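# Working through the structure, step by step
Chain by chain, the residues:
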Amino acid sequence: MKVLAISSSPRRDGNSWTLAEAAAKGAREAGHEVESVYLADFVRGLLRDCRTCRLSTGACGIDDGYERLLMDHVMPADGLIIATPLYWYGINGTLKTFFDRLFCYTAGSSPVGEQVSAALPGKRIAALIACEESYRGATLGVEAQLQEMTRYLRQSLVGVVVGVGNSRGEVESDPSRPLDRAADLGRRMFEISVTDYRLDTERSNRVWGSPDSTGSWSDSY
Ligand SMILES: Cc1cc2nc3c(=O)[nH]c(=O)nc-3n(C[C@H](O)[C@H](O)[C@H](O)COP(=O)(O)O)c2cc1C
């Protein structure tokens, strides 16, 4: 499988990058083809008013590397490792801009709208968050946003690893071993079972299977 690891922090050698590289290493160990990028190398301009900004062809008029990132790196990937520092209890601005500007490329007026909209669903997303505070609530907003964005894009959020650290690379000293957890997430990102049941979802009473795993939920719970 093809995996793209995106680090969205402006700090190149920071904690997000350290987490992203740990997950990338895990994915490589599992035999996947992994490429790593700094988001800031591609995304420079904020979303503007498309009505005044888009070119006469309907294409996005912001002249930076966004289109190259999307078409050449994001679209061909089967899975994305997305690392962000926690900024003001949210994802960082460059990553938010990456998502904001997807609008310009999935809009009906975009010459590549159909192509981009068809390429985004089905990807597996592994999220990594670097932050200073260990308080559980600090990252809940980011997890909820990523969950909703991936649901909207028909992607699977396969896991979220939070690493606590502040100075560059300090996440390595987090006793909860986020680098190991990130590597494990990267290693298993195409195997992780992501379920989202409804009341009427047909299923066995066991999650992981066993010789007697044929019982229905209702008669053996
Ligand atoms: C603008 C800014 C806002 C931040 N906001 C938070 C925050 O709300 N909560 C928190 O725990 N850490 C916050 N931090 C700390 C970073 O999340 C933390 O230092 C992180 O490890 C940085 O990751 P990086 O090395 O990849 O840039 C903030 C840092 C900056 C620069």
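Located above this text is the structure these notes cover.
In this text, all values refer to a predicted model and were calculated from it rather than measured experimentally. (Residues numbered from 1 in each chain as written. Predicted model: local features only at pLDDT ≥ 70, side-chain atom pairs only at ≥ 80, totals over all residues. Heavy atoms only, no water.)

## Observations regarding the packing of aromatic side chains
For any pair of aromatic rings, geometry is given as the distance between the ring centres together with the angle between the planes. Throughout the structure, instances matching the rule amount to four aromatic pairs. For the pair W17 and Y38, a centre-to-centre distance of 4.4 Å together with 25° between the ring planes defines the contact as stacked. Separated by 21 residues along the polypeptide, W17 in helix α1 (residues 15-29) and Y38 in strand β2 (residues 33-38) bring together distant segments of the chain. Among the residues examined, Y38 registers a relative accessible area of 16% and is labelled buried. Their ring planes at 70° and their centres at 5.3 Å tell us that F98 and F99 sit as a pair that is edge-to-face. Judged by relative accessible area, F98 falls into the buried class, the value being 4%. Through successive ring pairs, a cluster of aromatic residues spans Y66, F98, F99 and Y105. Of note, R12 hangs over the ring of Y38, and the distance from its end group to the ring centre comes to 4.3 Å. (Phe/Tyr/Trp six-rings, centres within 6.5 Å; stacked < 30°, edge-to-face > 60°. Helix = DSSP H or I, 4+ residues; strand = E, 2+ residues; numbered from the N terminus. Buried < 20%, exposed > 50% of the residue type's maximum accessible area, 1.4 Å probe, protein only. Lys NZ or Arg CZ within 6 Å of the ring centre and 35° of its normal.)

## Examining the pairing of strand β3 (residues 79-85)
By the criterion of burial, β3 is predominantly enclosed, with seven of the seven residues buried. Along β3, one buried face is formed by G79, I81, A83 and P85 and the opposite face, lined by L80, I82 and T84, is buried too. As paired strands, strand β1 (residues 2-7) and β3 are joined by five bridges and run parallel to one another. Bridge assignment links V3 to a residue of β3, and that residue is G79. Here β3 pairs with strand β4 (residues 124-131) via seven bridges, running parallel. The partner of A83 across the bridge, within β4, is L128. (Pairing = 2+ DSSP bridges.)

## Here's the deal with the side chain of Q155
Among the secondary structure elements, Q155 is positioned in the loop between α6 (140-152) and β5 (156-164). The residues contacting Q155, other than those within four sequence positions of it, are L120, P121, G122, K123, I125 and T150. (Contact = heavy atoms within 4.5 Å.)

## Section: the sheet that holds β1
Strands sit in the order β2-β1-β3-β4-β5 across an open sheet of five strands; the sheet is parallel. Across the chains shown, the open sheet's two edge strands, defined by having one partner strand only, are β2 and β5. With direction set aside, neighbouring strand axes in the sheet form an average angle of 15°. Direction of pairing for β4 relative to β5: parallel, over a ladder of eight bridges. In the strand pairing of β5, A130 is matched with G163. Relative to the sheet, α1 contacts β1, β2, β3, β4 and β5, its axis offset from that of β2 by approximately 170°. Its contacts with the sheet put helix α3 (residues 66-74) on β1, β2 and β3, and the angle it makes with β1 is roughly 150°. (Axes fitted to C-alpha atoms, helices over the stretch in contact; angles between N-to-C directions.)

## Observations regarding empty space enclosed by the protein
Taken as a whole and judged by the stated rule, the model has two cavities of 30 Å³ or more. As a volume, the largest cavity reaches approximately 100 Å³. L80, I82, F99, L153 and Q155 are, among the 13 residues lining the largest cavity, the residues nearest its centre. Counting only elements with at least two residues in the lining of the largest cavity, the list comes to β3, α4 (93-106) and α6. Among the residues making up the lining of the largest cavity, the classes are represented as eleven nonpolar, two polar and no charged. (1 Å grid on protein atoms, 1.4 Å probe; cavity = no way out; pocket = protein on both sides within 12 Å on 5 of 7 lines; lining within 4 Å. Points joined across faces, edges and corners; volume = space filled by probe spheres on them. Nonpolar A, V, L, I, M, F, W, Y, C, P; charged D, E, K, R; others polar.)

## Re the site of the ligand
The ligand sits among 16 residues. The nearest are S9, N15, S16, G165 and N166. Between an oxygen atom of the ligand and a main-chain N or O atom of L86, the distance comes to 2.8 Å. In the environment of the ligand, an oxygen atom lies 2.8 Å from a nitrogen or oxygen atom belonging to the backbone of G165. In isolation the ligand offers 650 Å² of accessible surface; the protein chains occlude 80% of this area. If you list the elements that add at least two residues to the shell around the ligand, you get α1 and β4. In terms of residue class, the shell around the ligand is made up of seven nonpolar, six polar and three charged. (Near = heavy atom within 4 Å. Polar contact = N/O pair within 3.5 Å; in protein donor to acceptor, adjacent residues only side chain to side chain. Areas by Shrake-Rupley, 256 points an atom, 1.4 Å probe, with all protein chains shown as cover.)

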